[in-house]
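Coordinates in review
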Amino acid sequence: MKTITVTTLQRMMIHVADEIIANESYLTEVDTVIGDGDHGIGMKRGFQALKNMLEKTAFDTVDFLLKAVGIELVKTMGGASGVIFGTMFIGGLNKLSPSDTISLDELAAYFDEGVSAIKRRGKAKAGEKTMLDALIPAVESLKQSAEEQSDMQDALEKAYTMAEGGVEASKSMKSRVGRSKNFQDATLGLPDPGAISTSLIFKALFEGVNA
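Some points on the overall build of the chain
- Secondary structure assignment for the chain yields nine helices and two strands.
- In the chain, the succession of helices and strands from N to C terminus is β-α-α-α-α-α-β-α-α-α-α.
- The C-alpha atoms of the chain give 16 Å as radius of gyration, which agrees with the globular expectation for 211 residues (17 Å, within 12%).
- In terms of its C-alpha atoms, the chain occupies a principal-axis envelope of roughly 45 × 35 × 30 Å.
- For the chain, the proportion of its 211 residues judged to be buried stands at 55%.

Quick notes on the environment of S172
- Its location among the elements puts S172 in the loop between α8 (152-170) and α9 (193-208).
- The exposed category is assigned to S172, whose relative accessible area is 61%.
- Separated by 16 residues in sequence, S172 and L188 place their C-alpha atoms 5.5 Å apart.
- Looking at S172, its side chain comes within polar contact range of the main-chain oxygen of A169, at 3.0 Å.

Quick look at unusual backbone geometry
- Phi is positive for K123, which is not a glycine, with a value near 50°.
- The phi torsion at Q149 lies on the positive side, around 55°, for a residue other than glycine.
- By the secondary structure assignment, Q149 is in the loop between α7 (132-147) and α8.

Quick word on helix α5 (residues 79-90)
- Taking 1.5 Å per residue as the helical rise, α5 with its 12 residues ought to reach 16 Å, and the 16 Å between its terminal C-alpha atoms agrees with that figure.
- Packed against the buried residues of α5 are α1 (6-22), α3 (39-54), α4 (62-77), α6 (104-122), α7 and α9.

Quick look at the environment of M162
- Following the sequence through the fold, M162 ends up in helix α8.
- Along the sequence, M162 and A138 sit 24 residues apart, while their C-alpha atoms lie 5.2 Å from each other.
- Ignoring any residue separated from it by four or fewer positions in sequence, one finds M162 in contact with P137, A138 and S141.

Quick notes on empty space enclosed by the protein
- Counted according to the given criterion, the structure contains two cavities of 30 Å³ or more.
- If you add up the space inside the largest cavity, you get close to 50 Å³.
- For the largest cavity, the full set of lining residues is I4, L9, M12, M13, L66, F89, L107, Y110, F111, L156 and L205.
- Secondary structure elements with two or more residues in the lining of the largest cavity: α1 and α6.
- Within the lining of the largest cavity, the residues separate by chemical class into 11 nonpolar, no polar and no charged.
- Considering the residues around the second largest cavity, the lining is formed by V62, L96, S97, S99, T101 and E106.

Section: the nonpolar core
- Ranked by internal contacts, the top residues of the largest apolar core, which has 64 residues, are F47, M88, F89, F111 and F202.
- When near neighbours in sequence (up to four residues on either side) are disregarded, F111 contacts M88, F89, V139, L142, F202 and L205.

Considerations on the environment of L107
- Topologically, L107 is positioned in helix α6.
- Note on L107: relative accessible area 6%, which makes it buried.
- It is 9.3 Å that separates the C-alpha atoms of L107 and G92, two residues lying 15 residues apart in sequence.
- The contact partners of L107, leaving out residues within four places of it in the chain, are I102, M152 and L156.

Definitions and limits used
Residues numbered from 1 in each chain as written. Predicted model: local features only at pLDDT ≥ 70, side-chain atom pairs only at ≥ 80, totals over all residues. Heavy atoms only, no water. Helix = DSSP H or I, 4+ residues; strand = E, 2+ residues; numbered from the N terminus. Rg over C-alpha atoms; globule rule 2.2 N^0.38 Å. Buried < 20%, exposed > 50% of the residue type's maximum accessible area, 1.4 Å probe, protein only. Polar contact = N/O pair within 3.5 Å; in protein donor to acceptor, adjacent residues only side chain to side chain. Expected span 1.5 Å × (residues − 1). Contact = heavy atoms within 4.5 Å. 1 Å grid on protein atoms, 1.4 Å probe; cavity = no way out; pocket = protein on both sides within 12 Å on 5 of 7 lines; lining within 4 Å. Points joined across faces, edges and corners; volume = space filled by probe spheres on them. Nonpolar A, V, L, I, M, F, W, Y, C, P; charged D, E, K, R; others polar. Core = buried A, V, L, I, M, F, W, Y, C linked by side-chain atoms within 4.5 Å.

Right, here's the structure in full:
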């Protein structure tokens, strides 16, 4: 598989929503220790609304679908997470043309631009115990897979594996940005909730591509 149709991508995003919803309690548990304890609640709220929207709406092009995904998350999640995860899906739209398919090259460029947008908006970088610590490795993996002209499913599996590695790496980091930075040493040994959510998104994208 070298491209994804808009219909397949919409199905994949519904699978992403289901994955986030199913992990609400875990995300809340981790965020209760090193944050405000509302990350899981906000993620579930946003992705439940996203699922409802996707199940009722048809999309002709990939860019229109992904724009709608990002807007729905910003509208319904609230707080910093809503803005950041919305930016993940909105920030790279300028890399997409109106088309009913998306190639691996385009997907990698789209998420890479999303990383840049998140860095600008969140004033964060790798190594600061944020969702970027899972997103950046995943996107770098996608870019490498695109250069190697890999199969889409293989590329998404590798990206998920790298995102998981980023979650594990975040355990040894101190929070440097956001409200969790107030916990400093207390955050050591625990993964970043945003990084976990990011890895779950890539897990579901991989699992959903042939579902």
